Amino acid sequence: MLLSPHRGRWLALIMLLLPLLAQAWQPDRSYRFSILHTNDHHGHFWANAQGEYGLAAQKTLMDQQRYDVQAKGGGALILSAGDVNTGVPESDVLNAEPDIRGMNLIGYDAMALGNHEFDKPLSVLQKQQKWAKFPFLAANIYAKGSDKRLFKPWAIFNRMGLKIAVIGLTTTDTLRIANPQNVAQIEIRDPVKETEKAVAELRASDKPDVIIALTHMGHYDDGQHGSNAPGDVELARRLPPGTVNVIVGGHSHDAVCMAKENVSVADYQPGQPCQPDRQNGVWIVQAKEWGKFVGRGDFTFRNGELTLDNYQLIPVNLKHKVKNLDGSETWLPYQEAIAQNGAMMKLLTPYQLRAGKQLAVNVGRSDSVFDGDRSKVRFEQMPLAQLILRAQMAATQADFAVISGGGIRTSLAQGEISWRDLLQIQPFGNQVVSVTLTGKELLNYLATVANIKADSGGFAQFSNISLVADGKSVSAVKINGEPLQLDKTYRMATNSFNASGGDGYPVIDGHAGFRNSGLRDAEVLRSYVSQHSPLRVADYAPPQIVHLTPQQVEERDKALEKQKKRSYPQMILAWIWPRAAHE
């Protein structure tokens, strides 16, 4: 095909410009941009009873920060590191529609997919994608058995002439901790390999100046991730230097503020300075949870180098409780109050009212707080777990019960208990199930679940059973105070999530003794609370579950070996002369 002289000149001009387009930035020019970020929102579109966080105040704050960035000659990028779903009943019953539409109004640019985006069927997630005006990113999620990515892997943004790529990554633990039925047809691949693959594709096509990994993988000091999948620290360390510039993370619900190298601040308080982690030349940031903070990182890009000028965690109307001289309590703000945006309130109020009518039903009363904080239920046996498990035992006539502590999402407050309160504790809609096992089968089952490490969602909560776990096996097992008998059968209550292999538990829903009650876990808890109110925390003391440390295991094994050696002379004598040995 012949080109006209006019078209030919344009083509020549485009060819001349291609090298310049490949390198968009100009030498010796400073480009400024800021990242505004949140993570682990978990349905908190509405402010809590103390007026903390909520999207209406977040909208006001985001607008203020965006305008401030622009006034200083920069451009802002608003990112969410995932887990918008699950945690507040008003959001849960509406499939997080108010949260996503609220994020649209704020102006979020992109969101990583978190594991809780898979709490409901993929059809719900697809509906949420249609509501969102921003992309859901995941470069490492594929259709099972294929090389087809199921979600957009990255997004490209232009800020002040700078080309910024944002790559989404999801924890591989999703396959273990999400509802197995909802992830049966997906494959989540190694984040390190998938990041390298994505960056190679990006550099061959879009040629970004800055690359941000928007991850839902967790931050673990010095890469010590325990039984969790590797997180952001391991990602930064394993990638070749210069692969990505910044990691904006979520999943572990941390304020990533470092006290010193590889050690984060133990109990970060609003208003304190915050120094992000840096590993292998990569900055790693995370902004706690629920929209309590908005993280802001101010960056300068110059001659191919990216520097972090300032970083802060900005509290969103957070408060602390103080005792007055008369014994009463007052909630005092950490900073000047942030006003609630009127347009956001107009958007969200109908959702709040619609859901509230279904949830404000009184179902019981408690004499004090049943603690369900993740720092407790993932580390030790708790009375709140006893309450839940006894309800499930009663519903299934089971001998004992077990669930993973990660399924308990919040505490039960003192005083009147509403249906909303119980849905907040158990928001996943799992069904209560049971299975009848022989003592031998049960011993093998317990060897797995009782040895899941603390600080993971799979940490087991037990009721009406005691045992000693040594990291590989269990011993001294008693059910209802009686030693376990290998040839006897026992009925165990649990939930459908754990029964189908969730949190790494053995799959038992195909066992001949498996029974599904068809009852929703929160409904079972509601019935039990109504029948046993007022609840007394003292009545729900946890069983004795002992987890031996490696040192205790070593000492135990040495003592057993010593005891065995002492018995050898008696054994030999009994073989040679039974009567003498007896004497």
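Asker: Let's hear about the overall build of the chain: which residues, and what values?
Answerer: A count of helices and strands for the chain gives 17 helices and 29 strands. Principal-axis analysis of the C-alpha atoms gives the chain an extent of 115 × 65 × 55 Å. For the chain, buried positions account for 52% of its 583 residues. Taking all contacts inside the chain whose residues are at least 6 apart in sequence as the whole, residues at least 24 apart take part in 75%. On the chain, roughly 26,900 Å² of surface is accessible, and the fraction owed to carbon and sulfur atoms is 52%. Computed over 62 positive and 59 negative side-chain charges, the separation of the two mean positions in the chain equals 4 Å.

Asker: Now, about the sheet that holds strand β6 (residues 154–159): what can you tell me, with residues and values included?
Answerer: The six strands lie next to each other as β6-β7-β9-β10-β14-β13, forming an open sheet whose pairing is mixed. For this open sheet the edge positions go to β6 and β13 (277–279), each flanked by a neighbour on one side alone. Across the sheet, the axes of successive neighbouring strands diverge by a mean angle of 25°, strand direction being ignored. Across three bridges, strand β9 (residues 210–216) lies against strand β10 (residues 246–248) in parallel orientation. Bridge pairing links leucine 214 to valine 248 in β10. The strands touched by helix α7 (residues 191–205) are β6, β7 (162–170) and β9; relative to β7, the strand with the most contacts, the crossing angle is about 155°.

Asker: Mind laying out the pattern of salt bridges, listing which residues take part and the relevant values?
Answerer: Summed over all chains, the structure comprises 22 salt bridges. The salt bridge involving glutamate 97 is made with arginine 101; its shortest N-O contact spans 2.9 Å. Note that glutamate 97 and arginine 101 are positioned in helix α4 (residues 97–106) at a spacing of four residues, about one turn of the helix. Taking the relative accessible area as the measure of exposure, arginine 101 reaches 29% and is therefore partly exposed. One salt-bridge network, in which partners are shared between bridges, spans Asp68, Lys72, Arg296 and Asp298.

Asker: Give a detailed account of the packing of helix α2 (residues 55–71) against α4, specifying residues and quantitative values.
Answerer: The packing of two helices is summarised by the inter-axis angle and the distance between the axes. Between α2 and α4, the least distance of the axes is 10 Å, while the angle of their chain directions is 20°. Judged on the interaxial angle alone, α4 and α2 are roughly parallel. The handedness of the crossing between α2 and α4 is right-handed. Across the interface between the two elements, Leu55, Gln58, Lys59, Met62 and Arg66 of α2 pack against Pro98, Asp99, Gly102, Met103, Leu105 and Ile106 of α4. Taken together, the residues of the contact of α2 with α4 sort by class into six nonpolar, two polar and three charged.

Asker: Just give me the short version of the packing of aromatic side chains, but keep the residues and values in it.
Answerer: Per the counting criterion, the structure on display carries eleven aromatic pairs. Ring centres of phenylalanine 33 and phenylalanine 299 lie 5.4 Å apart, and the angle between their planes is 15°; this geometry places the pair in the stacked category. Residue phenylalanine 33 is located in strand β1 (residues 30–38), and its partner phenylalanine 299 is located in strand β15 (residues 293–302); the two are separated by 266 residues in the primary sequence. In this pair, the class of phenylalanine 33 matches that of phenylalanine 299, namely buried. Note on phenylalanine 134 and phenylalanine 136: the rings are 5.8 Å apart at their centroids and 40° apart in plane angle, and the pair reads as tilted. Neither residue differs from the other here; phenylalanine 134 and phenylalanine 136 are each classed as buried. Taken together, the ring pairs in this structure connect Trp25, Tyr31 and Phe301 into an aromatic cluster. Arginine 189 extends its terminal NZ or CZ atom over the ring of tyrosine 142, reaching a point 3.8 Å from the ring centre.

Asker: So what about the state of the cysteines? Which residues, and what values?
Answerer: Enumeration over the complete set of coordinates arrives at one disulfide. Each sulfur of the disulfide joining cysteine 257 and cysteine 274 lies 2.1 Å from the other. The chirality of the disulfide connecting cysteine 257 with cysteine 274 is left-handed, given an S-S dihedral of about -95°. In this pair, cysteine 257 sits in the loop between β10 and β11 (258–260) while cysteine 274 sits in the loop between β12 (263–264) and β13, placing the two residues 17 residues apart along the sequence.

Asker: Can you lay out the sheet that holds strand β24 (residues 465–469) for me, pointing to particular residues and giving the numbers?
Answerer: In space, the four strands of this open sheet follow the order β26-β25-β24-β29, with mixed pairing throughout. Since the sheet does not close on itself, it has two edges, and those belong to β26 (482–483) and β29 (545–547), each with one partner. Two elements, strand β25 (residues 474–479) and β26, share two bridges in a ladder whose sense is antiparallel. Counterpart to lysine 478 in the pairing with β26 is proline 483. On the sheet, helix α13 (residues 439–449) packs against β24 and β25 and is oriented at approximately 120° with respect to β25.

Conventions and cut-offs
Residues numbered from 1 in each chain as written. Predicted model: local features only at pLDDT ≥ 70, side-chain atom pairs only at ≥ 80, totals over all residues. Heavy atoms only, no water. Helix = DSSP H or I, 4+ residues; strand = E, 2+ residues; numbered from the N terminus. Buried < 20%, exposed > 50% of the residue type's maximum accessible area, 1.4 Å probe, protein only. Contact = heavy atoms within 4.5 Å. Areas by Shrake-Rupley, 256 points an atom, 1.4 Å probe, with all protein chains shown as cover. Lys, Arg positive; Asp, Glu negative; His and termini not counted. Charge placed at Lys NZ, Arg CZ, Asp CG, Glu CD. Pairing = 2+ DSSP bridges. Axes fitted to C-alpha atoms, helices over the stretch in contact; angles between N-to-C directions. Salt bridge = Lys/Arg side-chain N within 4 Å of Asp/Glu carboxyl O. Parallel < 35°, antiparallel > 145°, perpendicular 65-115°, else oblique. Left-handed = near helix turned anticlockwise from the far one by under 90°. Nonpolar A, V, L, I, M, F, W, Y, C, P; charged D, E, K, R; others polar. Phe/Tyr/Trp six-rings, centres within 6.5 Å; stacked < 30°, edge-to-face > 60°. Lys NZ or Arg CZ within 6 Å of the ring centre and 35° of its normal. Disulfide = S-S within 2.5 Å.

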